[in-house]
Amino acid sequence: MFSNKEVFKIAFLKRLEMLYGKSFEDSSTRDHYYTLGNMVREYISSSWIKTNEMYRTTQTKQVYYLSIEFMLGRLLVNNLLNLGIRDTVEVGLKELGINIHDIEEIEADAGLGNGGLGRLAACFLDSLASLNLPGHGFGIRYKHGLFDQKIIDGFQVEYPEQWLRHGNVWEVRKPDAAVEVRFGGKVEVVEKEGRFIFRHVDCQTITAVPYDMPVVGYDTSTVNTLRLWSAEPSPYPPGIDVLEYKRQTEAVSEFLYPDDTNDDGKILRLKQQYFLVCASLQNIVSSHRKQHGHLRNLHEKVAIHINDTHPVLAIPELMRILLDEEGMTWDEAWKITTQTISYTNHTTLSEALEKWPIYLFKPLLPRIYMIVEEINERFCKLLWERYPGDWDRIEHMAIIAHDMIKMAHLAIVGSHSTNGVAKIHTEILKHREFVNFYTMFPERFNSKTNGITHRRWLIKSNPELTNLLLNTIGDKWIKDPAKLDELMPHTTDGAFLEQLSNVKHTRKQILAKHIKNKTGIDIDSNSIFDVQVKRLHAYKRQLLNVLHIMYLYNRLKEESNFTIHPRTFIFGAKASPGYYYAKKVIKLINELADKVNNDKQTKDYLKVIFIENYRVSLAEDIFPAADVSEQISTASKEASGTGNMKFMMNGALTVGTMDGANVEIKELVGEDNIFTFGLSADEVMNLYATGGYSSMEYYHHDVRIRQLCEQLVNNFFPDIGNLFEPIYDSLLVQNDHYFVLKDFAAYVEAQERVNAAYINQPQWLKMSTVNIAKSGFFSSDRTINEYASDIWKIHGQK
Ligand code: 26V
């Protein structure tokens, strides 16, 4: 069907006819998309079956990656690429008069995630399959992914996302593999033959129906599985309000929760978490039983990884199965559970560390609560033996304290591995956040610096750069991305640098065209494309970027001999719907854009663009076009960042703080090839500890800062009243918790270095080349190989 373009064309037309009863002339682009998707799915299916059969017969150890989010984006072109048939299909379609990009645009992003954490899970699946590793995802098939963002009058407005509206060609519903999940009710204890049996009665039951999506490896026949659970009503028990029961059940997989740390304690979210865990564990345990007849060797054949604490109930749930269903002793069950489970921490922001109040948890999950209590009691006893009398320490480390369950503590205590997602983040976990746990269990802590799949974020999204790399250093880097380093001799190769410059320019023109179509605004593709795309959070400091733009604007207006290389500042960011401050910053960016873009005096030097509804598919057009990558979080706050890696791999230079993976980018490229600035993580944490920061001093002593702060509240932005007063207050009344003003001068100075470096194009292109050459380290293939050998102990097949 895909052996050559002629065979493909015939098969395509035939399939179109079969599926839609339409001739080519009468068919739409949507028909073409579904026809092609259908063909690809069929093409995948035999490898999928073979991969599963192979895993069954060889009984190799499997890893299951449990994640409440998977931000897959579009799959068509990625699958074509991994199957090695993209070019055949593209040419074949072209000869039929169809542009593959038009077809691609039909597909809705699978946006079942908020940002970094969910996208990381998607990159990991791609790497697992491409490395022939037996690894599968378990998640939730949300009917609505992360909300769609519209900007209306400068404000963010949210709309429900509808990715399933036209169906999903990549999924297969498996009703025969459905399982039941129980909530509420009571636990009855009966004694039987000297053993206590726990029975869960009067509970509400819902059915978890799996939808499987194939995960196709690159240039291999491995096809792993992402299993997404959908909540459906179980056979209706008599005498209930059927409509109400159906509504309540389906609500469990209706929406992805937007990452909103101000919005915790939502019972439905806890239901989602247990729903994922309970269904996935039944699935894992029943296939293990089928193969081995018992669960005593579960930890030898299965690794279960929990992506952040959201699936941490896997620990008490596995204990429940081993105790109540298998009749194991506590000690046997505990050994198997801790050896099976491993945990990644993705944040140290205290407001994002999950805690559940007992009053919500216990009635919803009575048996699980009993087990968590028992885990806590045994752990506290251990603490007491080790630190007799040290009540303070015990209170701080307890899993349950002050009527709250601390999920991260449960994860560390109930697993054999806790990892951070970049070196500096792991150091903070070990020596600050979880220092007491590190002292007690040093061997459990390890670091796994995040990565991104170079297949989507370079080969797929930037074919122009990919071709240049292929022509320059061959193709070994595709299977072994560390080999991008072979580009290093070309940092002084004039012909190469010129081509690199052309590639970047082409990609900037593509993005400029897209922006023109969407916003009507013309941007200059010879200007510096300076990009900050990520969720909107105070700690990510989009505000620092905004204040710098205002500062440049002021200077351009006030100083007749001040000049800069023209710059286009591009933002993309969603704010959580209930995050008041973040939404103000979005409005501020849009007000600034309005002002700056329409000022005749400055518009040739400064443009500000807010790209609406930032998501994976847009990101694929943004990273290749960037010159400057903004990674300016308050040091210590950004666990890793992964956008920083995507920019680097596409030749953008980083302006960044010494935070997250920026630290490792700097180690790799050297200080001459990155623009770092600002407070270090230690300085930030010491300032918090000592209270030695007063933002007012910066206001008084730096006239630039004073002017900028005042411009937030005087009529610099006309007709907005006191709209930005909360931002002003965050800086000056609430003492600028994220050190925006303290880092301002250093940031301005770093940006001046950027301007100077860009003007020297040969120098800039050389720096850009070093960044591309060193980016292989950030392939998620490297990350996944480390997880596989250090944590999961799984091996590549064939
Ligand atoms: C928190 C909550 C709170 C309740 C509502 C839903 C929700 C969803 C997500 C989260 C926390 C997410 C933590 C997170 O995304 N961390 C990011 O992980 C990236 C991958 O490791 C890393 O690159 C980023 O630096 C880190 O912020």
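Preceding this paragraph is the structure being described.
Everything numeric here is computed off the predicted structure, so don't read it as measured data. (Residues numbered from 1 in each chain as written. Predicted model: local features only at pLDDT ≥ 70, side-chain atom pairs only at ≥ 80, totals over all residues. Heavy atoms only, no water.)

> Is there a simple way to explain the sheet that holds strand β25 (residues 675-676) in this structure?
Pairing between sheet strands relies on hydrogen bonds along the backbone, with the strands arranged either parallel or antiparallel. What the 6 strands build is an open sheet, ordered β22-β21-β20-β23-β24-β25; its pairing is parallel. Each edge of the open sheet carries a strand with a single partner, namely β22 (606-611) and β25. Across 6 bridges, strand β21 (residues 567-572) lies against β22 in parallel orientation. Across the sheet, F569 pairs through a bridge with V608, a residue of β22. Of the strands in this sheet, β23 (628-631), β24 (653-656) and β25 touch helix α32 (residues 761-774), which is tilted by about 85 degrees from β24. (Pairing = 2+ DSSP bridges. Helix = DSSP H or I, 4+ residues; strand = E, 2+ residues; numbered from the N terminus. Contact = heavy atoms within 4.5 Å. Axes fitted to C-alpha atoms, helices over the stretch in contact; angles between N-to-C directions.)

> Looking at this model, I keep getting lost on the packing of helix α29 (residues 703-713) against helix α31 (residues 740-759). Mind explaining?
Two quantities define a packed helix pair, namely the angle between the axes and the distance from one axis to the other. The interhelical angle for the contact between α29 and α31, taken along N-to-C directions, is 115 degrees, at an axis separation of 10 Å. Between α29 and α31 lies a crossing whose hand is right-handed. Contacts from R704, I705, L708 and C709 of α29 reach α31 at L741, F744, A745 and V748. Split into classes, the residues belonging to the contact of α29 with α31 amount to 7 nonpolar, no polar and 1 charged. (Left-handed = near helix turned anticlockwise from the far one by under 90°. Nonpolar A, V, L, I, M, F, W, Y, C, P; charged D, E, K, R; others polar.)

> It is not clear to me how helix α19 (residues 463-473) should be interpreted in this structure. Could you clarify?
Helical geometry note: an α-helix holds 3.6 residues per turn, so side chains three or four residues apart project in the same direction. Of all the residues in α19, the buried ones are L465, T466, L468, L469 and I473. Axial view of α19: buried residues confined to an arc of 160 degrees, hence all on one face. For α19, the secondary structure elements touched by its buried residues are α18 (454-460), α20 (476-479), α21 (494-519), α25 (643-649) and α32. A positive phi of about 75 degrees marks G474, the residue just after α19. (Buried < 20%, exposed > 50% of the residue type's maximum accessible area, 1.4 Å probe, protein only. Arc of directions from axis to C-beta.)

> Just to check I follow, could you spell out the pattern of salt bridges for this structure?
Where side chains of opposite charge bring their charged atoms close, a pairing between them can arise. Inspection of every chain in the model, using the stated rule, returns 53 salt bridges. Of the charged contacts, one joins R378 and E374 as a salt bridge, the two residues approaching to 2.7 Å between their closest N and O atoms. Within this pair, R378 and its partner E374 are both found in helix α13 (residues 366-386), separated by 4 residues, close to a single helical turn. Judged by relative accessible area, which is 39%, R378 ranks as partly exposed. Since its relative accessible area comes to 29%, E374 is described here as partly exposed. With its nearest N and O atoms 2.4 Å apart, the salt bridge here joins E620 to K460. Remark: K460 occurs in helix α18 and E620 occurs in helix α24 (residues 616-622); sequence separation between them is 160 residues. Accessibility expressed as a relative area gives 6% for E620, which makes it buried. Residue K460 is classed as buried on the basis of its relative accessible area, which comes to 10%. Here the salt bridges do not stand alone but share partners, grouping R289, E317, R320, E325 and E326 into one network. (Salt bridge = Lys/Arg side-chain N within 4 Å of Asp/Glu carboxyl O.)

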